[in-house]
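# Observations on chain architecture
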Amino acid sequence: MNTLSKDFLETLFSKEKESSLHGKWITFKDIEGLFSKYESKFEVSQIGSSEENRPIMQLKIGTGSKKILLWSQMHGNESTGTRALFDLFNCILNSTDIIFTKILETCTLVFIPMLNPDGAQAYTRVNANQVDLNRDAVDRAAKESKLLRKVLEEFNPQFCFNLHDQRTIFGVEGTKNPATISFLAPSEEITRALTKGRIETMDVIVSMNAMLQNSIPNHVGRYTDEFYPTATGDNFQKLGYNTILIESGHYKDDYNREECRKYTFFSILQGIHHISNSDTFINYESYFEIPNNDKIFYDVIHRYSDSKNDIAFQYEDKIIDEKFVSKLNKVDENCLNSKIGHSEIVFDGKIV
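Quick look at the structure, then. (Residues numbered from 1 in each chain as written. Predicted model: local features only at pLDDT ≥ 70, side-chain atom pairs only at ≥ 80, totals over all residues. Heavy atoms only, no water.)

Helices and strands together make up the secondary structure of the protein, namely nine helices and 14 strands. Its C-alpha atoms give the protein a radius of gyration of 20 Å, within 12% of the compact-globule value 20 Å for 352 residues. If you line up the protein on its principal axes, its C-alpha atoms span 65 × 45 × 45 Å. Counted over contacts in the protein with a minimum sequence separation of 6, partners at least 24 positions apart contribute 79%. Of the roughly 15,100 Å² of accessible surface on the protein, a fraction of 47% belongs to carbon and sulfur atoms. Treating the 40 positive side-chain charges of the protein as one cloud and the 50 negative ones as another, the clouds have centres 1 Å apart. (Helix = DSSP H or I, 4+ residues; strand = E, 2+ residues; numbered from the N terminus. Rg over C-alpha atoms; globule rule 2.2 N^0.38 Å. Contact = heavy atoms within 4.5 Å. Areas by Shrake-Rupley, 256 points an atom, 1.4 Å probe, with all protein chains shown as cover. Lys, Arg positive; Asp, Glu negative; His and termini not counted. Charge placed at Lys NZ, Arg CZ, Asp CG, Glu CD.)

Here it is in structure tokens:
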């Protein structure tokens, strides 16, 4: 297995991280000034527009026969993948390392670094017409969904990377660790059969997980492979386009998801590197050794001597007066004995 080393990845990320992008609220205005610097090496183009006529951009590079399509922010409030992609663009632009030469010789890469710019502006999961693009693969009611399908069919990729963020509630089953990164090889139908496409997808995920275990051991989870009939990954997988889901989650004290951004970047680069160096994709068994995601966390828990009085809180992110605000909301749950707080405060007496 061609596993990139932790030291190599750490050094590369530190050098090439796109410093102009930070925080969870990333809009088209934040990235539109960056595209010009990539034009010397990438094919940069506007491929369409959103429901509110914001541009949807594409970057293309490489001459190889292995075609890989990557997109981010189909949910507008999930920006970690977008930041990680721009870190990768800087690497491809600036690095002379042999791994990038090999990738560009063996692969052709197409990136859509913000599929849902309207949702990004409003910091919402849905688009401007309240359509969840990740549940619009069948109806394709949204302009953005139609555009993604058009790119998919015209480019005809062997692999897709579908980049998302997951909630802070998820931990790694059998541990007390948050799920910093979670992976999924989507099911093609309700029985979750191990088709050739799923096996090939799992093979790439096995490679990414092996790399991450060197950096964040026991912080990687496996997202549920329940079949969703209208979901993008499930339908693309069913259509024959191997689709790797990466869910960027939580790391200790990392509510801006800058550490998660780094490990998302590690994962994407490892996945592409593995594809570029592999002729077959059949090593899938270790995929099932990745622990499941487990809903065990709240952001804050108040603990009392009588556990029946324990109280859980969860952050809600929203935009208020054009500012990003995180509000801590009380959660109604009767028993918190099996739950963990990312932060826990112990009170001996009066309920606060």
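More follows now that the structure is in view.
On to the sheet that holds strand E5 (residues 159-165), then. Pairing within the open sheet is mixed, and its eight strands lie in the order E1-E2-E4-E3-E5-E9-E7-E8. Each edge of the open sheet carries a strand with a single partner, namely strand E1 (43-49) and strand E8 (220-222). With strand direction ignored, the average angle separating the axes of adjacent strands in the sheet is 20°. Here E5 pairs with strand E9 (residues 242-248) via seven bridges, running parallel. Within E9, the residue paired with Phe161 across the bridge is Ile244. Set on the sheet, helix H3 (residues 80-94) makes contact with strand E2 (55-61), strand E3 (66-71), strand E4 (107-112), E5 and E9; between it and E4 the angle comes to about 140°. Sheet strands in contact with helix H7 (residues 196-212) are E5, strand E7 (181-184), E8 and E9, and its direction is about 35° off that of E9. (Pairing = 2+ DSSP bridges. Axes fitted to C-alpha atoms, helices over the stretch in contact; angles between N-to-C directions.)

Residues Phe111, Phe161 and Leu269 are the most contacted members of the largest nonpolar core, which totals 62 residues. If you look at the next biggest cluster of nonpolar residues, it comprises 18 residues, including Val110, Leu115, Val131 and Val151. (Core = buried A, V, L, I, M, F, W, Y, C linked by side-chain atoms within 4.5 Å. Buried < 20%, exposed > 50% of the residue type's maximum accessible area, 1.4 Å probe, protein only.)

In this section: the environment of Tyr284. When you line up the elements, Tyr284 lands in the loop between helix H9 (258-277) and strand E10 (293-295). Separated by 79 residues in the primary sequence, Tyr284 and Ile205 have C-alpha atoms spaced 8.3 Å apart. When neighbours within four sequence positions are excluded, Tyr284 is seen to be in contact with Leu194, Ile199, Met202, Asp203 and Val206.

What follows covers the packing of H3 against H9. The geometry of H3 relative to H9 is characterised by a closest axis approach of 8 Å and an angle of 55° between their N-to-C directions. Classed by the angle they form, the pair H3 and H9 counts as oblique. The chirality of how H3 crosses H9 is right-handed. Touching Thr80, Gly81, Arg83, Ala84, Leu85, Asp87, Leu88 and Cys91 of H3 are Glu258, Cys260, Arg261, Thr264, Phe265, Ile268, Leu269 and Ile272, all from H9. (Parallel < 35°, antiparallel > 145°, perpendicular 65-115°, else oblique. Left-handed = near helix turned anticlockwise from the far one by under 90°.)

Attention shifts here to the side chain of His274. The topology assignment puts His274 in helix H9. With sequence-adjacent residues up to four places away left out, His274 is seen in contact with Asp203, Val204, Ser207 and Phe281.

This part is about the pairing of E5. By the criterion of burial, E5 is predominantly enclosed, with seven of the seven residues buried. The two faces of E5 match: Phe159, Phe161, Leu163 and Asp165 on one face and Cys160, Asn162 and His164 on the other face are all buried. Bridge count between E3 and E5: four bridges; the pairing is parallel. By the bridge assignment, Leu70 is partnered in E5 with Phe161.

Moving on, we come to the sheet that holds strand E12 (residues 311-320). With mixed pairing, four strands are arranged side by side in an open sheet as E13-E12-E11-E14. Because the sheet does not close on itself, it has two edges, and the strands there are strand E13 (323-331) and strand E14 (340-347). Looking at each pair of strands side by side, their axes are set apart by 30° on average, direction ignored. In this sheet, E13 lies alongside E12 in antiparallel orientation, the contact comprising nine bridges. Bridged to Glu316 within E13 is Lys327.

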